[in-house]
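Each chain, written out:
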Amino acid sequence: MSRVLELTDVETGYGEVQVLWGVTLSVEENKMTTLVGANGAGKTTTMRAIMGVVKPWKGTVRFLGEDVTQLTPHEKAQLGLVLVPEGRQLFADLSVAENLEMGAYSPRARNNLDANIKKVYELFPRLFERKKQKAGTLSGGEQQMLAVGRGLMADPVVLMIDELSLGLAPVLAQSLFGTLKRLKDEGLTILLVEQNVHLALALSDYAYVLAEGRVKIEGPSHQVARDDEVREAYLGV
Ligand code: ATP
């Protein structure tokens, strides 16, 4: 089993405020790994530190065996580390198809643009039906499909998604998770930050529980889900 992504003792924060206090975690190839924890635990900051949107103050990020700690988000995206950020950040005035094309910015992704767009439309027929519609006029669920689709257009080796289910009806969240599972079955490696702890632990392979900027517990998701103390202490469910 190979580790595609590895964080070792990562510390970082904003200005003078430290948020992560030594986060060590790894993401195995072709698995769905999830980060769960209360609001403010540092989940989003961990994703940003992996991507380099926030620079790690200490520690290392290794991707495919290389130390990428100091690379820019753009350089990391070119290597196949792709983040679907919280809040989606779509281009509201551009069409669905244009938003998807914007996702294929690296040379590698541009070479596979036609195949990838076909794949995204096959995964999300709703996007195909609405390909000329402006992103800003889509429903919340459709916007989330588009955000995931745009991430896929970047041809990820690891697809990271911050808050897949936020604001979505349970049935839609479940359907999106189903699509991710299908992508995983086809070989994609996935790292999720997820507020919906039940869904995340039910569908992922491995989980890290973050609290106060540290990993408190880790383990196969089904074990973490069964641990009453963990759920009460860190997850509030
Ligand atoms: P949530 O689920 O609420 O997004 P989280 O676990 O993702 O929580 P982070 O967003 O990583 O947590 O936030 C961790 C801490 O960092 C919080 O105390 C938050 O206020 C702070 N923080 C996050 N973003 C910024 C920022 N841009 N500037 C300053 N502080 C920030």
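Procedures and definitions
Residues numbered from 1 in each chain as written. Predicted model: local features only at pLDDT ≥ 70, side-chain atom pairs only at ≥ 80, totals over all residues. Heavy atoms only, no water. Helix = DSSP H or I, 4+ residues; strand = E, 2+ residues; numbered from the N terminus. Polar contact = N/O pair within 3.5 Å; in protein donor to acceptor, adjacent residues only side chain to side chain. Contact = heavy atoms within 4.5 Å. Near = heavy atom within 4 Å. Areas by Shrake-Rupley, 256 points an atom, 1.4 Å probe, with all protein chains shown as cover. Nonpolar A, V, L, I, M, F, W, Y, C, P; charged D, E, K, R; others polar. Buried < 20%, exposed > 50% of the residue type's maximum accessible area, 1.4 Å probe, protein only. Pairing = 2+ DSSP bridges. Axes fitted to C-alpha atoms, helices over the stretch in contact; angles between N-to-C directions.

*Asks:* Could you clarify how one ought to interpret the side chain of Q144 in this entry?
*Replies:* Of note, Q144 is situated in helix α7 (residues 140-153). Of the polar contacts made by the side chain of Q144, one reaches the backbone oxygen of E163; its length is 3.2 Å. In this structure, Q144 is in contact with R88, E163, L164, L168 and L176, ignoring residues within four places of it in sequence.

*Asks:* Teacher, can you tell me more about the site of the ligand here?
*Replies:* Around the ligand, the surrounding shell holds 14 residues, and the nearest of these are G40, K43, T44, T45 and Q195. Within the side chain of Y14, one N or O atom sits 3.5 Å away from a nitrogen atom of the ligand. For the ligand, a nitrogen atom lies 3.4 Å from a polar atom in the side chain of R48. Here the ligand loses 59% of its free accessible area of 620 Å² to cover by the protein chains. Residue contributions to the shell around the ligand peak at four residues, all from helix α1 (residues 43-51). Across the shell around the ligand, the residue classes tally to four nonpolar, six polar and four charged.

*Asks:* How should the side chain of E142 be read in this particular structure?
*Replies:* As for its position among the elements, E142 is in helix α7. At 3.1 Å, the side chain of E142 forms a polar contact with the side chain of R130. Apart from the residues lying within four places of it in its own chain, the contact partners of E142 are R126, L127 and R130.

*Asks:* Explain α1 here, please?
*Replies:* Every α-helix winds through 3.6 residues per turn, so residues three or four apart in the chain are directed the same way. Burial analysis of α1 places eight of its nine residues in the buried class, which makes it a mostly covered element. Residues of α1 that are buried include every one of K43, T44, T45, T46, M47, A49, I50 and M51, and no others. Positive phi shows up at G52, right after α1, with a value of about 90°.

*Asks:* Sorry if this is basic, but what is going on with the sheet that holds strand β1 (residues 3-14) here?
*Replies:* Each strand in a sheet pairs with its neighbour through backbone hydrogen bonds, running either in the same direction (parallel) or in the opposite one (antiparallel). With respect to topology, four strands assemble into an open sheet ordered β2-β1-β4-β5, the strand pairing being antiparallel. Two strands lie at the open edges of the sheet, namely β2 (17-28) and β5 (66-67), each paired on one side alone. In this structure, β1 lies alongside strand β4 (residues 58-63), joined through five bridges in antiparallel fashion. Bridge pairing in β4 places E11 opposite K58. Packed onto the sheet, α1 meets β1, β2 and β4 and runs at close to 110° relative to β1.

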